[in-house]
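Descriptive structure summary
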Amino acid sequence: MSSEQASLHVDIEHHKESFISKYIFSYDHKMIGKQYMITALIWALIGMGLSWVMRIQLAYPGQQIPIFETLLGRYAEGGILAPEYYIAMMTMHGTIMVFFVLTAGLVGTFGNFLIPLQIGARDMAFPLINMLSYWTFFLASVVMLLSFFVESGPAAAGWTAYPPLSALSSAIPGSGAGQSLWLLSIALFIVSSLFGSLNYIVTVLNLRTKGMTLGRMPLTVWAVFIAAILGLLAFPVLLAGAIMLLLDKHLATSFFIPAGLYVGDALLSYEGGSPILWQHIFWFFGHPEVYIVALPALGICSEVIATCARKPLFGYKAMIASLLAIAFLSFIVWGHHMFVSGMNPFLGSVFVLTTILIAVPSAVKVFNWLTTLWRGKIHYTPGMLFAMGLVSLFITGGLTGIFLGNAPIDIQLHDTYFVVAHFHFVMGAAALFGIFAGIYHWFPKMYGRMMSNMWGRIHFWLTFVGIYLIFFPMHFMGTTGVPRRYYAFTEFEYTMQYGGMNEFITIATLITGAAQVIFLVNFFGSMFFGKKAETNPWKAATLEWTTDDPMPGHGNWKGEIPTVYRGPHEYSTPDGKEDFILQTDSTGFGKMDKE
Amino acid sequence: MKTSGRLDGLLFVLFFVIGVVVCIWYLVGHDPGFLPLASEHGGFIDSLFMATLIITGIVFILTHLLLVYFAFRYKGSGNGDKAFWYPDNKKLEIIWTVIPAVIIISLIVVGQVGWGKIFHTEPPDDAFVVEIVGEQFVWNIRYPGEDGEFGRTIPELISRANPIGLDPTDPASEDDIMLLNELRIPLDYPVLLKIRSKDVIHSVFLPNFRVKMDAVPGMTTTFSFTPTMEGEFDLVCAELCGLGHYRMRGYVVVQPMDELEEWLIEQREME
């Protein structure tokens, strides 16, 4: 333990914290992680509410839904949601889920909560920057929330914000103040994310306890570490793009807008820009972003599966190598979003190769998880169920990626519901399952209490089956060519044949959404009334379960930070007395090694 | 740590079996849901889709079989009894890195051969050329007329009466034929679409023809293909373009070349 860390620790012991320094402007990585988690949960409820609005509209287009007017006011006069506001709701659903729920909910929550605990550090390398990271995120949240209430409505050019649609308020009302606030909020979000990423990287590199070599780190830490590097390299590109788009909107520059546009009965005075440029910038960020979200979820999945199957994670090194391979490839695949964008088709060929190659490390991950389960002693905790559910969702969503990544098939499937199904499986639902697995698994460490096992399992089964019922049928709509981002499927005969299926999907969405109440009650109820947790309720081998208290205070360990002697997954080793050996167990090491 | 996993294991198996049965039942009744095929290159896209469906389908079923079987079979008692210690097997891992890589690379190679045929083959000089100009929320269709050349367009001239800003002083524009939302193309004859947009990005999507290409303001994109079925089909917008995106509807009419030529002459005379 370094002397600075010791003095920090002493400081905290002697200094009685006020409510504000403990719960609001906290420097404690665990509290910051929880702040991210709660904020992301609130955003998830809003995002889910928006998906309900979209689904009800798609199942019952043109019908008066009185509750729409009550909830959405002028966006749904007479109970009929206006098309421009349907698109706005859809845009906000995507934005909220990708940035505020999945990115913040995974990297923000588990990066903060787990890194210091699992590598044996008192806190993050820069606690102040960590605190600022959350509050910048909070500010981004406030700005995004405000955009719902501006006169012309929130942003309405999709979460990808393709110009010229996103740049011109005469093209759609949401591209007025709503889109400007959107860009501002995303810019703030990026700043927050950069604060976080820097912190995670420095902490992992510098603050590991004695014996915690890189090769002994749990997969969660590896995954967040790699995701942080992705964030550090990808997010600034979007920041630049967002600023350029803001300039186009407000200072009449023409980065993305070509000459001769005629919109809303008027010729515009822009000249020289290219809408394709934005797509390159956006997806250069956007594709790594998929993995900024996915990698931590995969890391959580690996840890939970090893712990609850009571087996060492099969091929630990291959699991790290596959994370690295996916991360590297993610930077050179962005063009697969642009096969039919007008980009040179030859360039498309290159992106096909890199894109489909991602299937190889992804397949390795799946096979290694399966082998970890083989001849295990599976303990069906809710966390384990969600981790196993993640494996299933990752397989399904990963395999449909092989269709979309092969450019000729993408000609037909691009921008159809097949894509909607694909990314909701592999990015949306799989990452969400990562969040759930993480929350159920580390809740005892977060709040010192247990969540209800039975309600957790009911929550899992309703959600898991629900996800398949909602998104699987969309593949069929996609192969028929039903386009995404449609306000209604009433205008084409071939899209109308799916009326019944759309109604079915909507009902499944409503039920699956309602089932999340079970989680919320379990979560908040257990926080106060749950059974008191032991220090190590899952009999896990990693460092966070060695703290003195079930719910460690600031500084994490009361005494010295423990030294690490072995890898993170020593489960069911032939020579161990129990079916797990803590990383801190020095049995079998000579006195010299211990010193 | 007590966890009653028998039920969960069983549920995994049940869910998988019911899911696969429902899926196969649906697939048998609907194929994968493709609309009737009406273009030459579309056959390749459909077969590549089917080949991928079969390969991924097998992988899906095998991996899920293992997942649900393990879930069902390897339930722990919670008494601290040990699992089978098996941390590593280099050989196994190399095998399941190499096999997916080989399968995937063959899919890429096959795909790229087709991709090359669709995009890297120059359309013949006498291809039937049509211009499609996207606009919120209609499709302006233009034929070059007898001279085979499109007249110049100037954005400053755009008005309600002149939706794409055709320059009347250009001799080539005299015989251009303009239509709204109606794309007529010849049967069994190479067609070259020249695609533009006046305002935001749209995407020309002809689901029956397996054709899709964005209409990007400021540039001209192209797609060439050969229609193989007579009849009327949909022209759909596939890129979010504003509040009327969902109703930006056009028609495609495929008819024999001689009928189409007659029809074009009629249109010319009407103008």
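Parameters at a glance
- Residues numbered from 1 in each chain as written.
- Chains lettered and ligands numbered in written order.
- Predicted model: local features only at pLDDT ≥ 70, side-chain atom pairs only at ≥ 80, totals over all residues.
- Heavy atoms only, no water.
- Contact = heavy atoms within 4.5 Å.
- Buried area = accessible area lost by both parts, 1.4 Å probe.
- Salt bridge = Lys/Arg side-chain N within 4 Å of Asp/Glu carboxyl O.
- Polar contact = N/O pair within 3.5 Å; in protein donor to acceptor, adjacent residues only side chain to side chain.
- Helix = DSSP H or I, 4+ residues; strand = E, 2+ residues; numbered from the N terminus.
- Nonpolar A, V, L, I, M, F, W, Y, C, P; charged D, E, K, R; others polar.
- Phe/Tyr/Trp six-rings, centres within 6.5 Å; stacked < 30°, edge-to-face > 60°.
- Buried < 20%, exposed > 50% of the residue type's maximum accessible area, 1.4 Å probe, protein only.
- Lys NZ or Arg CZ within 6 Å of the ring centre and 35° of its normal.
- Domains from an automatic or database assignment.
- Axes fitted to C-alpha atoms, helices over the stretch in contact; angles between N-to-C directions.
- Parallel < 35°, antiparallel > 145°, perpendicular 65-115°, else oblique.
- Left-handed = near helix turned anticlockwise from the far one by under 90°.

Concerning the interface of chain A and chain B
Contact with chain A, which involves 115 residues of that partner, is made by 101 residues of chain B. Both faces considered, chain A and chain B share a buried interface measuring about 9500 Å² in area, 71% of it formed by carbon and sulfur atoms. When the buried surface of chain A facing chain B is broken down by residue, Tyr262, Tyr380 and Ile411 of chain A rank first, second and third, together holding 7% of it. One salt bridge in this structure joins Arg160 of chain B and Asp265 of chain A, with 2.4 Å as the shortest N-O distance. Where chain A touches chain B, the interface holds 27 residue pairs in polar contact (both at pLDDT 80 or more). Take the side of chain A that touches chain B: its biggest share by element is 11 residues, from helix α16 (residues 453–480) of chain A. Looking at side-chain class alone, the side of chain A that touches chain B contains 73 nonpolar, 27 polar and 15 charged residues.

Structural notes on the packing of aromatic side chains
Taken as a whole and assessed by the stated rule, the structure comprises 86 aromatic pairs over all chains. Between Trp222 of chain A and Phe225 of chain A the ring centres are 6.1 Å apart and the planes differ by 70°, which places this aromatic pair in the edge-to-face class. Taken together, the residues span about one helical turn, with Trp222 of chain A and Phe225 of chain A both in helix α8 (residues 219–250) at a distance of 3 residues. Neither Trp222 of chain A nor Phe225 of chain A differs from the other in exposure class; each is buried. Note that Arg375 of chain A overlies the ring of Phe84 of chain B, its terminal NZ or CZ placed 3.9 Å from the centroid. Positioned above the aromatic ring of Phe34 of chain B, the side-chain terminus of Arg210 of chain B is 4.8 Å from the ring centre.

Here's the deal with the domain arrangement of chain B
Residues and elements named next belong to chain B. Here the domain parsing of chain B yields domain 1 (6–76 + 90–119) and domain 2 (128–270). Once you take the C-alpha centre of each, domain 1 and domain 2 turn out to be 38 Å apart. Contacts between the two partners involve 13 residues from domain 1, matched on the other side by 15 residues from domain 2. Taken together, both faces of the contact between domain 1 and domain 2 bury some 1100 Å²; the carbon and sulfur share is 56%. If you sort the residues of domain 1 by the area they bury against domain 2, Leu35, Ala38 and His41 come out on top, with a joint share of 41%. At the junction of domain 1 with domain 2, the criterion picks out 1 salt bridge. In this structure, the salt-bridge partner of Asp46 is Arg210, at a minimum N-O distance of 2.8 Å. Our count for the domain 1 to domain 2 interface comes out at 10 residue pairs in polar contact (both at pLDDT 80 or more). Residue assignment for the side of domain 1 that touches domain 2 shows that the elements contributing at least two residues are α2 (42–73) and α3 (90–119). In terms of residue count, α2 provides more of the side of domain 1 that touches domain 2 than any other element does, 3 residues in total. Across the side of domain 1 that touches domain 2, the residue classes break down as 8 nonpolar, 3 polar and 2 charged.

A closer look at the packing of α16 of chain A against helix α1 (residues 6–30) of chain B
Look at α16 of chain A against α1 of chain B: their axes get within 12 Å of each other, and the N-to-C directions meet at 15°. It follows that α16 of chain A is roughly parallel to α1 of chain B by the angle criterion. When you trace α16 of chain A past α1 of chain B, the crossing you get is right-handed. In this structure, α16 of chain A contributes Arg457, Phe460, Trp461, Phe464, Val465, Tyr468, Phe472 and Phe476 of chain A to the contact, and α1 of chain B contributes Leu7, Asp8, Leu11, Phe12, Phe15, Cys23, Tyr26 and Leu27 of chain B. Class assignment of the residues belonging to the contact of α16 of chain A with α1 of chain B gives a composition of 14 nonpolar, no polar and 2 charged.

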